[in-house]
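Analysis of the macromolecular model
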Amino acid sequence: MKNRAKLGLVTTASALLIGFTASPSQAAAQAYASCFTSPAGASGSVSTSGWNYGDRSIPSLTMKLYDEAPDKHHVRIRLVVQYADTHKYFGWHHNYDGYGTYKEFPSYVAQGGNIFDVGIQAAVFEGDRRIDHCTKWVSGSTKDPS
């Protein structure tokens, strides 16, 4: 059973990564990050378009969220943006549809301060109580500011 769960995580992570493959002309203006909770539960990713380090807005981004466990818990994802001296946590997006389901959430970040990093938090919830979560930044960091 553990091998099946690991295979599911690898397959899901691969599917999310393939969904964000960029052509060379888009590479400079795209950023990507993904994470998953351990043990399996939630996996999420974010892909930005038109944003570079230090820009004041993100014209387009897509968060993807997948419920990886038949545990009766729901999963959530949220965007986290790092400015010069603070982090902004955007609202949680929910997936209540259960195990094996996937949702996409297109969005953007309006004009604001200079954005130095973009990240996501994917989480497993029981009601309003967060059970587990992961954080990943497009810079590659897994530092959890919460």
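Above: the structure in question.
Only a predicted model underlies this, so the values are computations on that prediction, with no experimental measurement involved.

1. As for the packing of aromatic side chains
Each pair of aromatic rings is reported with the distance of its centres and the angle of its planes. Under the criterion given, the structure shown has two aromatic pairs. Taken together, a centroid distance of 5.3 Å and an interplanar angle of 75 degrees make the contact between Trp-92 and Phe-125 edge-to-face. Taken together, the residues Trp-92 in the loop between β5 (87-89) and β6 (93-95) and Phe-125 in strand β8 (residues 117-126) connect sequence positions 33 residues apart. Exposure remark for Phe-125: the relative accessible area of 4% places this residue in the buried category.

2. Focus on the state of the cysteines
According to the stated counting rule, one finds one disulfide in the structure shown. Here Cys-35 engages in a disulfide with Cys-134; their sulfurs sit 2.1 Å apart. When the S-S torsion is 65 degrees, as for the bridge of Cys-35 with Cys-134, the disulfide is right-handed. Taken together, the positions of Cys-35 in strand β1 (residues 30-36) and Cys-134 in strand β9 (residues 129-137) put the pair 99 residues apart, joining distant regions of the chain. Comparing Cys-35 with Cys-134 shows no difference in burial state: the two are buried.

3. A look at the nonpolar core
Nonpolar side chains in soluble globular proteins tend to be buried together. Among the nonpolar cores identified, the biggest contains 23 residues, and Val-46, Ile-58, Leu-61, Met-63, Leu-79, Val-109 and Ile-115 are the most heavily contacted of them. Within the residue set of this core, elements represented by two or more residues are β1, β2 (42-49), β3 (58-67), β4 (74-82), β7 (102-109) and β8. Once you skip the residues sitting within four places of it in the chain, Ile-115 turns out to touch Trp-51, Asn-52, Tyr-53, Gly-54, Asp-55, Arg-56, Ser-57, Ile-58, Val-81, Gln-82, Tyr-83 and Val-109.

4. Some words on the pattern of salt bridges
Tallied over the entire structure, the rule returns three salt bridges. Across the pair Lys-64 and Glu-104 runs a salt bridge whose closest N-O atoms are separated by 3.8 Å. With Lys-64 in strand β3 and Glu-104 in strand β7, the pair connects residues that are 40 residues apart, well separated along the chain. Take Lys-64: its relative accessible area is 8%, and that puts it in the buried class. For the salt bridge of Asp-97 with Lys-103, the shortest nitrogen-to-oxygen distance reads 3.2 Å. Take Asp-97: its relative accessible area is 51%, and that puts it in the exposed class.

5. Examining the environment of Ile-115
Along the chain, Ile-115 falls in the loop between β7 and β8. Along the primary structure Ile-115 and Arg-56 are separated by 59 residues, whereas in three dimensions their C-alpha atoms are 5.7 Å apart.

6. Section: the side chain of Glu-68
Within the element layout of this structure, Glu-68 appears in the loop between β3 and β4. A distance of 2.7 Å separates the side chain of Glu-68 from the side chain of Ser-43, its partner in a polar contact.

Conventions used here
- Residues numbered from 1 in each chain as written.
- Predicted model: local features only at pLDDT ≥ 70, side-chain atom pairs only at ≥ 80, totals over all residues.
- Heavy atoms only, no water.
- Phe/Tyr/Trp six-rings, centres within 6.5 Å; stacked < 30°, edge-to-face > 60°.
- Helix = DSSP H or I, 4+ residues; strand = E, 2+ residues; numbered from the N terminus.
- Buried < 20%, exposed > 50% of the residue type's maximum accessible area, 1.4 Å probe, protein only.
- Disulfide = S-S within 2.5 Å.
- Core = buried A, V, L, I, M, F, W, Y, C linked by side-chain atoms within 4.5 Å.
- Contact = heavy atoms within 4.5 Å.
- Salt bridge = Lys/Arg side-chain N within 4 Å of Asp/Glu carboxyl O.
- Polar contact = N/O pair within 3.5 Å; in protein donor to acceptor, adjacent residues only side chain to side chain.

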